[in-house]
Amino acid sequence: MTSGDSGRGTGRRGVLRAGAAAVLLGAAGCTSGTKSAVAPASSTPAPAQAPTAAPSPTPSPTAPPAATPLPNPPLWQPGPGEIQPDVKRRAVELVAALGAWPPGGQGSGAARARVAALGLPPGLADGAGRLAPAAPEAAVEVVDAQYGGILADSASVLVVCRQWTRQPDGSVAAGGITVDVRLSRAEPRWTVTAVHPGDPGPVAGSPAASPAASPAAPAAPTPAVAKVLAEPRIELPPEAAADLLSGTVHDSVLTAMLRLAGPYALSVSVVRTGHPLDVFGTTRPSDHPLGRAFDVWRIDGRAVVDPATPRQLIESFMRDAAAAGSYNVGGPVAIAGVGNQFFTDDTHHDHVHVGFTS
């Protein structure tokens, strides 16, 4: 080896030593003024570690299914042609306050507060009955508000409703009720004096209707009732359908409905339940609670109260109702008839009444 070769070899070894030292210093993590984060190597070998099982993944909590939202229909408003429209508006506002509430808004205290916010006596909430069931949430749609009677200083407004309530399991139950709201004239607005929620009674043939009936025996509607319920040209609100199922409606009513459903599509408002017991302002019994009458608020999709509905259509319907056996047909059109078979007044400007003797 030449001296030049020896010099090159010595230089290479020096570089290797310097590199090894740098590696050791880097492994020790030594920097000026900083402690090493790595423990010095031990001459004693570390004991073998048993393999660690991978941790089981924590299952994600299953979110409960979202509750079906309740319908949110707009508040019913009186249309053109109404007599004393604010009387109906007042009655509808009260029914909405008693029969609809957001989640957690149930209970008499909350109902009283909603009534008081309308400027009405909070105690009206105590008469809500079936309109305010024990449910954490409820919604109401007013199908129609018609007069049960209107005089100079007092009125009865029949508020025909569909209602949805939240059940304990989160599901939604659909039903409905007709409420007779009594009002008296006051300033600046009419005030409500009483609330009478309807009660159609048990379904005919059910255990509640007949204590001796077997609880396992399902109630079946009569053939006539079944035909009316199945007729697509007859629109019945929940309370009216319940009246038919209760077995308290005379066959004359059912027969007339089916006959009129030939030439017309008819929307029924009230049959029996929810109507005043007496003709409003008199002591004469009404045919409605006896199951011998029905009211129609819309004919062929056109509201009776609407001035745009042809008077000829309403008169034709009234005459055909008389031909179907009604002895007492009332509506917004004055029709000459034998024995006062037809009549008109302010109460019946918004619907056609069809009554029977039996």
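Just above sits the structure.
Residues numbered from 1 in each chain as written. Predicted model: local features only at pLDDT ≥ 70, side-chain atom pairs only at ≥ 80, totals over all residues. Heavy atoms only, no water.

Draft legend 1. Focus on the overall build of the protein chain. A count of helices and strands for the protein chain gives seven helices and eleven strands. Here the protein chain holds 358 residues, and the buried ones make up 37% of them. By sequence separation, contacts in the protein chain at least 24 residues apart represent 61% of the contacts at least 6 residues apart. Element-wise, carbon and sulfur atoms account for 60% of the exposed surface of the protein chain, whose accessible area totals about 18800 Å². (Helix = DSSP H or I, 4+ residues; strand = E, 2+ residues; numbered from the N terminus. Buried < 20%, exposed > 50% of the residue type's maximum accessible area, 1.4 Å probe, protein only. Contact = heavy atoms within 4.5 Å. Areas by Shrake-Rupley, 256 points an atom, 1.4 Å probe, with all protein chains shown as cover.)

Draft legend 2. Examining the pattern of salt bridges more closely. According to the stated counting rule, one finds 17 salt bridges in the structure shown. Between Arg-298 and Glu-235 there is a salt bridge, with its nearest N and O atoms 2.8 Å apart. Note that Arg-298 is positioned in strand E7 (residues 293-299) and Glu-235 in strand E5 (residues 234-235), a separation of 63 residues in sequence. A single network of salt bridges, built from pairs that share partners, joins Asp-86, Arg-89, Arg-90, Glu-93 and Arg-189. (Salt bridge = Lys/Arg side-chain N within 4 Å of Asp/Glu carboxyl O.)

Draft legend 3. Broad picture of the packing of aromatic side chains. A full pass over the atoms with the stated rule returns one aromatic pair. Note on Tyr-264 and Phe-317: the rings are 5.1 Å apart at their centroids and 75 degrees apart in plane angle, and the pair reads as edge-to-face. Within this pair, whereas Tyr-264 is found in the loop between helix H6 (251-260) and strand E6 (266-268), its partner Phe-317 is found in helix H7 (residues 311-323), the two being separated by 53 residues in sequence. Using a relative accessible area of 5% as the deciding quantity, one classes Tyr-264 as buried. (Phe/Tyr/Trp six-rings, centres within 6.5 Å; stacked < 30°, edge-to-face > 60°.)

Draft legend 4. Structural view of the side chain of Asp-243. Here Asp-243 is to be found in helix H5 (residues 238-245). Once residues within four sequence positions are removed from consideration, Asp-243 is found in contact with Pro-200, Thr-248, Val-249, Val-271, Arg-272 and Thr-273.

Draft legend 5. How the structure looks around the pairing of strand E4 (residues 191-197). The pairing of strand E3 (residues 172-184) with E4 spans six bridges and is classified as antiparallel. Considered in E4, the bridge of Ser-184 is made with Thr-191. Counting the residues between successive antiparallel strands, the hairpin from E3 to E4 contains six residues. (Pairing = 2+ DSSP bridges.)

Draft legend 6. Summary view of H6. Listed in full, the buried residues belonging to H6 are Ser-252, Val-253, Leu-254, Ala-256, Met-257 and Leu-260. Against the buried residues of H6 lie helix H4 (223-230), E5, H5, E6, E7 and H7.

Draft legend 7. Local environment of H7. Its 13 residues give H7 an end-to-end C-alpha distance of 18 Å, which sits within 8% of 18 Å, the value for a rise of 1.5 Å per residue. When H7 is considered as a whole, its buried residues turn out to be Leu-313, Ile-314, Phe-317, Met-318, Ala-321 and Ala-322. Positive phi shows up at Gly-325, right after H7, with a value of about 115 degrees. (Expected span 1.5 Å × (residues − 1).)

Draft legend 8. Inspection of the nonpolar core at higher detail. The biggest cluster of nonpolar side chains holds 36 residues, and the ones touching the most others in it are Leu-236, Met-257, Leu-266 and Phe-294. Going through the elements one at a time, H4, H5, H6, E6, E7, H7 and strand E11 (352-355) are the ones with two or more residues in this core. The biggest single contributor to this core is H7, with six residues. Non-local contacts of Leu-266, meaning those with residues more than four positions away in its chain, are made with Arg-233, Ile-234, Glu-235, Met-257, Leu-260, Ala-261, Phe-294, Val-296, Arg-298 and Phe-317. (Core = buried A, V, L, I, M, F, W, Y, C linked by side-chain atoms within 4.5 Å.)

Draft legend 9. Representation of the sheet that holds strand E1 (residues 138-150). The antiparallel open sheet is built from four strands, whose spatial order is E1-E2-E3-E4. One side of each edge strand has no neighbouring strand; the edge strands of this open sheet are E1 and E4. Strand-to-strand twist in this sheet, taken as the mean axis angle between neighbours without regard to direction, amounts to 25 degrees. Relative to the sheet, H5 contacts strand E2 (154-166) and E3, its axis offset from that of E3 by approximately 100 degrees. (Axes fitted to C-alpha atoms, helices over the stretch in contact; angles between N-to-C directions.)

Draft legend 10. Layout of the pairing of E2. Across the 13 residues that make up E2, a large majority, eleven, are buried. Relative to E2, E1 runs antiparallel, the two sharing eleven bridges. By the bridge assignment for E2, Val-142 is matched with Cys-161. Hairpin geometry of E1 and E2 is characterised by an intervening segment of three residues between the two adjacent antiparallel strands. The sheet contact formed by E2 and E3 spans 13 bridges and is antiparallel. Residue pairing in the sheet places Trp-164 in a bridge with Ala-174 of E3. Linkage of E2 to E3, two consecutive antiparallel strands, is achieved through a turn of five residues, within which Gly-170 is found at a positive phi near 95 degrees.

Draft legend 11. Local environment of the environment of His-196. Mapped onto the secondary structure, His-196 falls in strand E4. In this structure, the C-alpha to C-alpha distance between His-196 and Ala-128, residues 68 residues apart in sequence, is 7.6 Å. Excluding residues that lie within four positions of it along the chain, His-196 makes contacts with Thr-178, Val-179, Asp-180 and Arg-182.

Draft legend 12. Here's a closer look at the packing of H4 against H5. The contact between H4 and H5 brings their axes to 9 Å, and the two run at 160 degrees. Put simply, H4 runs roughly antiparallel to H5. Considering the relative orientation of H4 and H5, their crossing is left-handed. Counting all contacts with H4, which are made through Val-225, Val-228 and Leu-229, the residues of H5 involved are Ala-241, Leu-244 and Leu-245. (Parallel < 35°, antiparallel > 145°, perpendicular 65-115°, else oblique. Left-handed = near helix turned anticlockwise from the far one by under 90°.)

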